[in-house]
Amino acid sequence: MTIPNSDFMLENGVCDLPFTPEEEKRIVSELTSESEDNLKQGNLYFVISKRWYTSWQEYVENSANECSTGESSEAPRPGPIDNHDIIESDSDINDPQLRRLLVEGEDYVLVPKQVWKRLVEWYSGGPPIERKLICQGFYTRSYSVEVYPLCLMLTDGRDESRTVIRLGKQASIRELYEKVCAMTGVPQEKAHIWDYFDKRKNGLLDPLSYKSLEESSLHMDQDILVEVDGLSSSSQSAMSSTGNELALVPLEPSRSIVTIAGGPTLSNGHSTTSNFSLFPRITSEDDGRDSLSILGKGEKGGLAGLSNLGNTCFMNSALQCLAHTPPIVEYFLQDYSDDINRDNPLGMCGELAIAFGDLLKKLWSSGRNAVAPRAFKTKLARFAPQFSGYNQHDSQELLAFLLDGLHEDLNKVKRKPYIELKDSDSRPDDEVAEELWNYHKARNDSVIVDVCQGQYKSTLVCPVCGKISITFDPFMYLSVPLPSTLTRSMTITVFYCDGSRLPMPYTVIVPKQGSIRDLITALGTACCLAEDESLLLAEVYDHKIFRYFEIPLDSLSAIKDDEHIVAYRLNQIPKGSRKAKLEILHGGQERAVLDSVRGSDVKLFGTPFVTYVNTEPLSGTDIDAVISGFLSPLHKVHAPSKIHNGSDNGHLADATVDQASGILSSPDTEIDNASDRELSFRIFLTDERGLNIKPLQSESSISPGTVTRVLVEWNEGEHERYDSSYLSDLPEVHKTSFSAKKTRQESISLFSCLEAFLAEEPLGPDDMWFCPSCKEHRQANKKLDLWKLPDILVFHLKRFTYSRYLKNKIDTFVNFPVHDLDLSKYVKNKNGQSYLYELYAVSNHYGGLGGGHYTAYAKLIDDNKWYHFDDSHVSSVNESEIRNSAAYVLFYRRVRSETETQTAEMSTDMDYSCLNSHNDKAS
C-alpha cells in the first residue's frame, strides 16, 4: 500500500491520511505479524508510551465496534505520539533515556520499525526511542529487545572527569574502545581502559578483544577508567590480586588437600566427616595457607555480604541461603574438579559449577568484606537469559535453575544408561520405589542428588474406569500452596420459594478454582437441601437479576467478592417438564408505579423473588398467590388489624392474614384507584429494562416466556405488614474486615500448607491424564505422598498467584517451626530414619510484585547464631525475628538420630584410616 505524501498534513501537525481506524488496525496487525515471522538479531524496535498506545487502541477498537453495532464511538482520534511520560525529564531530546524500572505492558509497549514508521506518518510526535533485538542463550536461543542498554560511568584518568557511556551489553570491548576514544579524543594506541568496579582496577580490558561487555562482567552503572600513556594522574600500578579475582573465573577449581572446611578430601571430592565444622582448628600439618590464612585474626568466614549489581537482591538472597547450606559449602570448598562433567548436554560445560564454587570460596574467605558476584552473574546471564538484565526476578526460580544446573554440571554419570521402566504389577510400594530410585541414581549422581533430592509417591485414579496408576518421582524442593490460595469463603443468601423460612445467609468454603457445581454442593449441604429440591443461583445488581449461574462446570472465578449472590430453593423440576422463570421485583416506595414515566423512574428496592412456573397461561391470581407465599415468612407478628384509614394504600382496610397458609385474604371493601378488587397486591407486568409497565388484574392472562417479570408495588400498607429489611440486607460474597489487624492467631501453619500440597485433587482441564485402560485423556484425581526425604529439605511457599489479568502476592503469616520440624506422620516409607528437621536459612520477600526486595536469614551452625543478609549489609538477628510474613523459601536440615550419628561416625573413622594408610604409602 502506498503512503500518501505530506499534502495531507493538518495545521496541528497530525497527518490526515485517508485511512479509517479499521485500516490502521489492520495495517499495524499485518506489519507486526510480518516482523514476528522474521526475527533476527539487530532488528529495530521502538518504545512507545503505553498511555498513548492505549488511546490509539481504544480509538481503532471502538471505531470497529461502531461499525458492527451501529453505536457511536466515544474514543476520539489520539493526538501526536507522546513519550515524555516514560523518559527522564532532563533527558536530551536527541538521545532520550528511559526512566528506570519501567515495566513492559504497563508503562510502555514495543513496536517493530515498520509499525513505528506508519504511526509517525499518521500521527507525528515522539521522541523516537530506538532499541535493538538481541539473541541470548547458550543452548536455547531466545530473542529479546534490549530496552535498557548498558550504562557505564567513564572516569578520565587525566582530570578525574566522569562521562556516561551507553552501549549494548553484546557490544565488544573493541567497540567500547572506539566509542571512548571518539568521545575523549584519545588515540586508541595510547588508551588503556580498566574495569574499575568499586573504584579499584580489577582488570585491563584488551582493545583488540571481540569479547562482549556482558561476558567481560561489566554491569549496569559500573565504573570504567581510561588512562592515557604519559598523561594519567591515576597510578598504573598492578592491580591487587583480590581485585583481579573479582573479575575473573578460574578455568578449574583450586586443588588442595587442605580445605577451608578443614576436613579431609577423598579421591572423589567428597568429605565424609559427619561432624561438619565451618570453623575448624588449623593443625601444624594443615597450616591453612591455601585457605584460612587470608582471614584476619579473629575473623570468621560466612559473614560476607553480596553487592547488589542492579536489582540482583533476588539472586543474593538465594545465594546466601545456599552458601550457608553445610553440605553444599563443605563440598565446594574442597577439590571437586574430578566431578565436573563438561560433556553433559544438559549441563553448562561445568562453567556454572566453577563460577558458583569460586563465589563460595570468596564468601568464606573474605571475612566481612562484601563480595561482588559479577562473574557469577555473567555466567548466569549466559546460561539462563531469563535472569539477564537488571529487572527484579524470583529467588525461588533462580534457586530451582541453580540446583538443577549444578547437578548437571557435577553429574558423575558421564554416559547415562538407557533403562526401560517396569510396570508396578501390583508389587509392594517399597520394592517399586527402591527400584525407581536406583534407576534415577544410575543416571543422576551428584552432590545435589545426595543432599537435596527426595522422592514422592504419585497416585492417579481414573474417574471413569477406576484405573489406578502409581509412580515414584524425585523432587528437589516442595512448592507448597498457602491454603488461602486453594479455597475461598463465599456467603450466599438462600430464599425459600415455598415461604417456609426467612431468607438465610450461609457461608461456605469452596475450592478457589472450583466450579458452580462445587458451590451448589457446599451450599446444599449447609442448608440441608432435600433430595427432591434444587438451588438456582443468581447475581442481584441494582435490585434486579443481573445473571443466572446455571452451567455446573462454569468457573467460580466469574463470581467476585464484592457481588451479591442469592440462591432460590426450589422443588426439582422433572426432566422433560416445560418450566419458565418468574421474576418478582419490588418497587414503588416513594411514588405510585402508575405515576412513573413508562416505568423508567420506578424506585426499585430489595431482592427479587424468582421461581419456576408452568408454561401454561398465568392469571393475576396465580402470581398473587406466589408473591404471598414468598412474603409469608416476612409477615410482622404484631401487625395492626387496621393498616391504614386512608384510601390509597391499595389494600382492604380490614385485611386479615390466614396464619396457617400465610396468604392474605380481604373482605369486599372498595379500594380507591385499585386496578383490581381481588388481588392482595398491586402487580404490574414489566419488561427486561423496566421501561414498560402494565397493570395486572385477577383475570389477566399471561403466557410465560423464558423469563416473565412482574413488579410488586409497595406502599405504607405493605411496609406495615411485612419486614422488608430481610429483602434489603444482602451480604457480599466475601467482606474483608479492614479494621481487623492480622495476628499470629490468624496465621496458617507450615503443616497446613504441606497438607494442602498432599491433598487429593482433580487434575486441571489443561493437565489431563491419558488412561491406559480407557485409551482416553481423563481428568483424573491425583494424590501425592512423601516417600523419601533428603537431608536438606526446601519449602517454597507459593505466595505469588498469577492469572491472565491479575498478579497478586499473599502476605499471610505462615507459622513454621525453627526447631523440631517433625514430618514422620507425612512420610509413607517407614524405614527407621529420622524425619526431624531444623531451620537454618530463609529467603525473604518484602513488598509487592513491582517494588519488592529480597533478603536472607542464615544461621552459622557452629556459633548457633542467626544473621540477616541484606545485599552487602550483614547484621546479627535474634532467632525470634526469623518468623515473619516475609518468609518465602525455607531451608531445613535433617537432625539425625543417635543411631544414625553413630553409624556415620563409624564410617568416618574408617575413611580416616584409609586416608592415613594411603598417605603413609605415599610417603
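Residues numbered from 1 in each chain as written. Predicted model: local features only at pLDDT ≥ 70, side-chain atom pairs only at ≥ 80, totals over all residues. Heavy atoms only, no water.

Undergrad: Break down the overall build of the chain for me, citing the residues and quoting the values.
TA: When you go through the chain residue by residue, the secondary structure sums to 19 helices and 43 strands. Looking at the chain as a whole, 48% of its 923 residues are labelled buried. For the chain, contacts bridging at least 24 residues in sequence account for 71% of all contacts bridging at least 6. Carbon and sulfur atoms form 49% of the exposed surface of the chain, whose accessible area is close to 46000 Å². (Helix = DSSP H or I, 4+ residues; strand = E, 2+ residues; numbered from the N terminus. Buried < 20%, exposed > 50% of the residue type's maximum accessible area, 1.4 Å probe, protein only. Contact = heavy atoms within 4.5 Å. Areas by Shrake-Rupley, 256 points an atom, 1.4 Å probe, with all protein chains shown as cover.)

Undergrad: With reference to specific residues and values, describe the sheet that holds strand β19 (residues 564-571).
TA: Taken together, the five strands give an open sheet; going across it, the order is β16-β15-β19-β17-β18, and neighbouring strands pair in mixed fashion. On the outer flanks of this sheet lie β16 (504-511) and β18 (544-549), each paired with one strand and no other. The sheet shows a mean angle of 40° between the axes of neighbouring strands, taken without regard to direction. As defined by bridge partners, strand β15 (residues 487-496) adjoins β16 across eight bridges and the pair is classed as antiparallel. (Pairing = 2+ DSSP bridges. Axes fitted to C-alpha atoms, helices over the stretch in contact; angles between N-to-C directions.)

Undergrad: Give a detailed account of the confidence of the model for the chain, specifying residues and quantitative values.
TA: Do not read the predicted coordinates in detail wherever pLDDT is low. Mean pLDDT over the chain: 76, with 76% of residues reaching 70 or higher. Within the model, pLDDT remains below 50 along residues 68-73, and this stretch shows six contacts once partners closer than five positions in the same chain are excluded. A low-confidence stretch, residues 910-923 (pLDDT under 50), is modelled with seven contacts involving residues beyond four sequence positions or located in other chains. (pLDDT = per-residue confidence, 0-100.)

Undergrad: I'd love a proper account of the sheet that holds strand β7 (residues 150-156), names of residues and values included.
TA: Taken in spatial order, the five strands line up as β8-β7-β11-β9-β10 in an open sheet, and their pairing is mixed. Bordering the open sheet on either side are β8 (162-167) and β10 (203-204), each of which pairs with just one other strand. Looking at chain direction, strand β9 (residues 191-195) and strand β11 (residues 222-228) are connected through five bridges and run antiparallel. Across the sheet, residue I193 finds its bridge partner in β11, namely V226. Packed onto the sheet, helix α4 (residues 173-184) meets β7, β8, β9, β10 and β11 and runs at close to 140° relative to β8.

Undergrad: So, the nonpolar core: which residues are in play, and what are the values?
TA: Looking at soluble globular proteins, one finds that nonpolar side chains tend to be buried together. Formed by 61 residues in total, the largest nonpolar core has its most connected members in F332, F356, F376 and F891. With eight residues, helix α8 (residues 351-363) is the largest single contributor of residues to this core. Ignoring anything within four residues of it in the chain, the contact list for F376 reads M315, L319, L352, A355, F356, L359 and L402. The next biggest cluster of nonpolar side chains, apart from the first, holds 36 residues, and it includes Y456, L797, V877 and L890. (Core = buried A, V, L, I, M, F, W, Y, C linked by side-chain atoms within 4.5 Å.)

Undergrad: I'd love a proper account of the pattern of salt bridges, names of residues and values included.
TA: The full count for this structure, using the stated rule, is 26 salt bridges. A salt bridge links K457 to D429; its shortest N-O distance comes to 2.7 Å. Of the two residues, K457 is situated in strand β12 (residues 454-461) and D429 in helix α11 (residues 429-443); the sequence distance between them amounts to 28 residues. Here K457 falls in the buried class, since its relative accessible area comes to 13%. The class of D429 is partly exposed, set by a relative accessible area of 25%. Residues E563 and R547 are paired through a salt bridge, measuring 3.1 Å at the closest nitrogen-oxygen approach. Here E563 is found in the loop between β18 and β19, whereas its partner R547 is found in strand β18, with 16 residues between them in sequence. One connected set of salt bridges, linked through shared partners, spans R162, K199 and D223. (Salt bridge = Lys/Arg side-chain N within 4 Å of Asp/Glu carboxyl O.)

Undergrad: Could you give an account of the environment of V451, with specific residues and numbers?
TA: For V451, the location among the structural elements is in helix α12 (residues 447-452). When its relative accessible area of 8% is taken as the criterion, V451 is described as buried. For the pair formed by V451 and T325, sequence separation is 126 residues and the distance between their alpha carbons is 9.9 Å. Those residues in contact with V451 that lie beyond four places of it in its chain are P327, P790, D791 and I792.

Undergrad: Any details on the side chain of D335? Residues and values, ideally.
TA: The residue D335 is located in the loop between α7 (326-332) and α8 in this model. Taking the relative accessible area as the measure of exposure, D335 reaches 15% and is therefore buried. Reaching out from D335, the side chain makes a polar contact with the side chain of S337 at a distance of 2.8 Å. (Polar contact = N/O pair within 3.5 Å; in protein donor to acceptor, adjacent residues only side chain to side chain.)

Undergrad: Explain the UniProt feature "active site" in the chain residue by residue, including any values.
TA: In this numbering, the UniProt entry assigns the feature "active site" to C313 and H853. For the residues just named, distributed over 541 residues, the greatest C-alpha separation is only 6.6 Å, placing them together at one site. Discounting chain neighbours no more than four positions away, the residues touching C313 are N308, Q392, H853, Y854 and D871. Positionally, H853 belongs in strand β40 (residues 853-860). Discounting chain neighbours no more than four positions away, the residues touching H853 are C313, N844, H845, Y846, D870 and D871. (UniProt positions renumbered as here; feature names shortened; annotations may be inferred.)

Undergrad: Give me the packing of aromatic side chains: which residues, what numbers.
TA: Scanning the model with the defined rule gives 21 aromatic pairs in all. Plain terms: the ring middles of Y331 and F332 are 5.2 Å apart, the flat faces sit at 80° to each other, and that makes the pair edge-to-face. Considered together, Y331 and F332 belong to a single accessibility category, that of buried residues. On the basis of an interplanar angle of 25° and a centroid distance of 6.0 Å, the ring pair of Y456 and F475 is categorised as stacked. With Y456 in strand β12 and F475 in strand β13 (residues 468-475), the pair connects residues that are 19 residues apart, well separated along the chain. By relative accessible area, which is 5% here, F475 ends up buried. Taken together, Y331, F332, Y336, F356 and F376 form an aromatic cluster joined through their ring pairs. A cation over an aromatic ring shows up here: K201 above the ring of W194, its NZ or CZ 4.7 Å from the ring centre. (Phe/Tyr/Trp six-rings, centres within 6.5 Å; stacked < 30°, edge-to-face > 60°. Lys NZ or Arg CZ within 6 Å of the ring centre and 35° of its normal.)

Undergrad: Please set out the packing of α8 against helix α10 (residues 395-409) residue by residue, giving values where relevant.
TA: Angle between the axes and distance between the axes: these two values describe a pair of packed helices. Running from amino to carboxyl end, α8 crosses α10 at an angle of 110°, the nearest separation of the two axes being 8 Å. Our classification of the angle between α8 and α10 gives roughly perpendicular. Once α8 is placed against α10, the crossing between them reads as left-handed. Note on element contacts: α10 touches α8 through F401, L402, G405, L406 and D409, opposite E351, L352, A353 and F356. Of the residues contributing to the contact of α8 with α10, the split by class is six nonpolar, one polar and two charged. (Parallel < 35°, antiparallel > 145°, perpendicular 65-115°, else oblique. Left-handed = near helix turned anticlockwise from the far one by under 90°. Nonpolar A, V, L, I, M, F, W, Y, C, P; charged D, E, K, R; others polar.)

Undergrad: An account of the side chain of D195 is needed here, citing residue identities and associated values.
TA: By the secondary structure assignment, D195 is in strand β9. For D195, the side chain forms a polar contact with the main-chain nitrogen of F197, separated by 3.2 Å.

Undergrad: Quick rundown of the packing of helix α6 (residues 313-322) against α10? Include the residues and the values.
TA: Close contact between α6 and α10 brings their axes to 8 Å; oriented N to C, the two are set at 50°. It follows from the interaxial angle that α6 and α10 lie oblique. As α6 runs across α10, the sense of the crossing is right-handed. Between α6 and α10, the contacting residues are F314, M315, A318, L319 and L322 on the first element and S395, L398, L399, L402 and L403 on the second. In the contact of α6 with α10, the residues fall into nine nonpolar, one polar and no charged.

Undergrad: Outline the environment of F376, listing residues and values.
TA: Tracing the backbone through its elements, the reader meets F376 in helix α9 (residues 374-383). Each C-alpha atom, one on F376 and one on I354, is 9.1 Å from the other, the two residues being 22 residues apart in sequence.

Undergrad: Describe unusual backbone geometry, with residues and values.
TA: Phi is mostly negative for residues that are not glycine, and the peptide bonds are mostly trans. The omega torsion across G126 and P127 is 0°, close enough to zero to call that bond cis. Summarising the element assignment, P127 is placed in the loop between β4 (125-126) and β5 (130-136). In the Ramachandran plot, S217 falls in the positive-phi region, its phi being about 60° despite a non-glycine side chain. According to the relative accessible area criterion, S217 is buried, its value standing at 4%. With a phi angle near 60°, N311 is a residue other than glycine that sits in the positive phi range. Secondary-structure assignment places N311 in the loop between α5 (241-247) and α6.

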